[in-house]
Amino acid sequence: MDRDKSLFEYLKEHSEKISEDWYETIEEEDPDAVYASKNPAVIKGLKKQNLEFNYLVNRIFNNEEEYFYTEIKKWAKSIAEDREHQKTPIHKIIREFMRVRNLYLSYIREYTCKSNDQVSLERMEEWRDRMTRAVDHALTLFVEETFLLSERQIRSQKDMINELSSPVIVLHKGAALLPLIGDIDTERARIIMDSTLFQCMEKQVTHLFLDLSGVLIIDTMVAQQLSHLMTGLKLIGVETTISGIRPEIAQTSVQLGIRFEEGTIKSTLAHAISETISSL
């Protein structure tokens, strides 16, 4: 039998034992880490994930490296998305990848010692290198998937915060208020525009008070976005009154030639509301 094939059969035969050895030698005291869980369902899932990895990594010695490198990406993604692993500090997960790798290397040494045929030093080193590359590749994929997942979560949270920070507050008979507070960058301005148009349609707003008194400074793109917002509101039948424009914002708008012509401009929110609400 081909020497690689023989090693594959040996590792395949011992896959469950390797998985058991790995789990039984875990030393973890952090109660939040998946490796310290006492929940039978979590333990069962953890063992299943490890055994799936073992069956995949064995294939590199059976002329199935292409299959391994295709399927291991799916496996790494599933581990990164696993809730229990997400609660576990990443350095602890990396530690377990290293332990699995070392465990496999010990089984490869064991196979060479038990083999009836002499295994050359070069062949042993080639097996060790192949296994090390495979586990390191799986680890790299896991870290990459974890990073991408984290970025998606941060982006989603940021969008939610931005949406919550630009609420359209219904006042009276179709009139509503959008108070803008804090720094507004180009991305937040885009979200404000999308969210405001949607909220005005959903809440059947006919007149929106857009108050900028809580905004210290805006850049060129943001000023243009606010102008576009007023245009968009007009297109869906919403009149706009803008108030609280600070001198710095006024200066930027004048320099850019942005006149906010699609709406009415008032000095203060109180002035804007008192005049408009009384006529509704």
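Please read these numbers as outputs of a predicted model, since none were measured by experiment. Starting from 1, residues in each chain are numbered consecutively following that chain's sequence as written. The model is predicted, so local features are restricted to residues of pLDDT at least 70 and side-chain atom pairs to those at 80 or more, both for listing and for counting; the totals for chains, interfaces and linings are taken over all residues. Think of the side-chain values as coming from all heavy atoms in the structure, minus any hydrogens and water.

Moving on to the overall build of the protein chain. Of the regular secondary structure elements, the protein chain holds 11 helices and five strands. Each radius of gyration is computed over the set of C-alpha atoms, and the globule rule expresses the reference value as 2.2 Å times the number of residues to the power 0.38. Here the C-alpha atoms of the protein chain give a radius of gyration of 31 Å, more than 25% beyond the 19 Å that 2.2 N^0.38 yields for 280 residues. If you line up the protein chain on its principal axes, its C-alpha atoms span 100 × 40 × 30 Å. Looking at the protein chain residue by residue over its 280 residues, the buried ones come to 41%. Two residues qualify as a contact provided that any one of their heavy atoms is within 4.5 Å of a heavy atom in the partner residue. Expressed as a percentage of contacts within the protein chain between residues at least 6 apart in sequence, the contacts between residues at least 24 apart total 77%. As displayed, the protein chain has an accessible area near 15700 Å², and 53% of this comes from carbon and sulfur atoms. Counting rule applied: Lys, Arg positive; Asp, Glu negative; His and chain ends not counted. For charged residues, the charge sits on one atom: NZ in Lys, CZ in Arg, CG in Asp, CD in Glu. Within the protein chain, the 46 negative side-chain charges are centred at a point lying 2 Å from the centre of the 35 positive side-chain charges. The secondary structure listing takes helices from DSSP runs of H or I that are at least 4 residues long and strands from runs of E that are at least 2 residues long, numbered from the N terminus. For each residue, the accessible area found with a 1.4 Å probe, counting protein chains only, is set against the maximum for its type, and the residue is called buried under 20%, exposed over 50%, and partly exposed in between. Computed with the Shrake-Rupley method and a 1.4 Å probe, the accessible areas treat only the protein chains shown as cover for residues.

Helix-helix packing is characterised by the crossing angle of the two axes and by the distance between the axes. Axes, fitted as lines to C-alpha atoms, cover a helix only where it is in contact. Angles between the N-to-C directions of the axes lie from 0 to 180 degrees. With their axes 10 Å apart at the nearest point, helix H2 (residues 15–24) and helix H6 (residues 90–114) run at an angle of 135 degrees to one another. As far as their axial angle goes, H6 and H2 are oblique. The two elements H2 and H6 cross, and the hand of that crossing is right-handed. Counting all contacts with H2, which are made through Lys17, Ile18, Asp21 and Trp22, the residues of H6 involved are Glu96, Arg99, Val100, Leu103, Tyr104 and Tyr107. For the contact of H2 with H6, a count of residues per class yields six nonpolar, no polar and four charged. Roughly parallel means an angle under 35 degrees; roughly antiparallel, over 145; roughly perpendicular, 65 to 115; everything else is oblique. The sense of a crossing depends on the near helix, which, turned anticlockwise from the far helix by less than a right angle, makes the crossing left-handed and, turned clockwise, makes it right-handed. Charged means Asp, Glu, Lys or Arg here, nonpolar means Ala, Val, Leu, Ile, Met, Phe, Trp, Tyr, Cys or Pro, and polar covers whatever is left, Gly included.

Note on aromatic contacts: the rings of Phe and Tyr and the six-membered ring of Trp form a pair at centre separations within 6.5 Å, being stacked when their planes are under 30 degrees apart, edge-to-face when over 60 apart, and tilted otherwise. All told, the structure shown has nine aromatic pairs when counted by the stated rule. Judged by centre distance (6.5 Å) and plane angle (85 degrees), the rings of phenylalanine 53 and phenylalanine 97 are edge-to-face. Of the two residues, phenylalanine 53 is situated in helix H3 (residues 40–58) and phenylalanine 97 in helix H6; the sequence distance between them amounts to 44 residues. With a relative accessible area of 3%, phenylalanine 53 lands in the buried category. Three or more aromatic residues joined by ring pairs form one cluster here, namely Phe53, Trp75, Phe97 and Phe142. Looking at lysine 47, its charged tip hangs above the ring of tyrosine 23, at a distance of 4.7 Å from the centre. Think of it as a cone above the ring: NZ of Lys or CZ of Arg counts as a charge over the ring if it is within 6 Å of the ring centre and within 35 degrees of the ring normal.

Let us now look at the pairing of strand S2 (residues 175–181). Successive residues of a regular strand alternate their side chains across the two faces of the sheet. With five of seven residues buried, S2 lies mostly within the body of the structure. In this structure, the hairpin formed by strand S1 (residues 169–172) and S2 is closed by a connection of two residues, where lysine 173 is found at a positive phi of approximately 45 degrees. Following DSSP output, two strands are said to pair if at least two bridges run between them. As paired elements, S2 and strand S3 (residues 207–214) share six bridges and run parallel to each other. Paired with alanine 175 across the strands is histidine 207, a residue of S3. Since S2 and S3 lie parallel, the crossover through helix H8 (residues 186–202) that links them has a hand, and here it is right-handed. With strands facing away from the observer, any crossover in which the path from the first strand over the helix to the second runs clockwise is taken as right-handed.

Let us look at helix H10 (residues 247–256). Burial in H10 covers these residues: Ile249, Thr252 and Ser253. Buried positions in H10, seen along its axis, are confined to an arc of 95 degrees and lie on one side of it. For H10, the exposed residues lying more than 90 degrees away from the buried face are Pro247, Val254 and Gln255. One or two residues past the end of H10 sits glycine 257, with phi positive at roughly 75 degrees. The arc in question is the one spanned by the directions pointing from the helix axis to the C-beta atoms.

Using a 1 Å grid laid over the protein atoms alone, points where a 1.4 Å probe fits but cannot get out form a cavity; open sets with protein on both sides within 12 Å along at least 5 of 7 lines form a pocket; any residue with an atom within 4 Å of a point counts as lining. Grid points are joined across faces, edges and corners, and a volume is the space filled by probe spheres set on the points. Under the counting rule described, the total for this entry stands at one cavity of 30 Å³ or more. What the largest cavity holds in volume is close to 160 Å³. If you go around the largest cavity, you meet 13 residues; those closest to its centre are Trp22, Tyr35, Asn50, Trp75 and Phe97. Those elements that place two or more of their residues in the lining of the largest cavity are H3, helix H4 (65–81) and H6.

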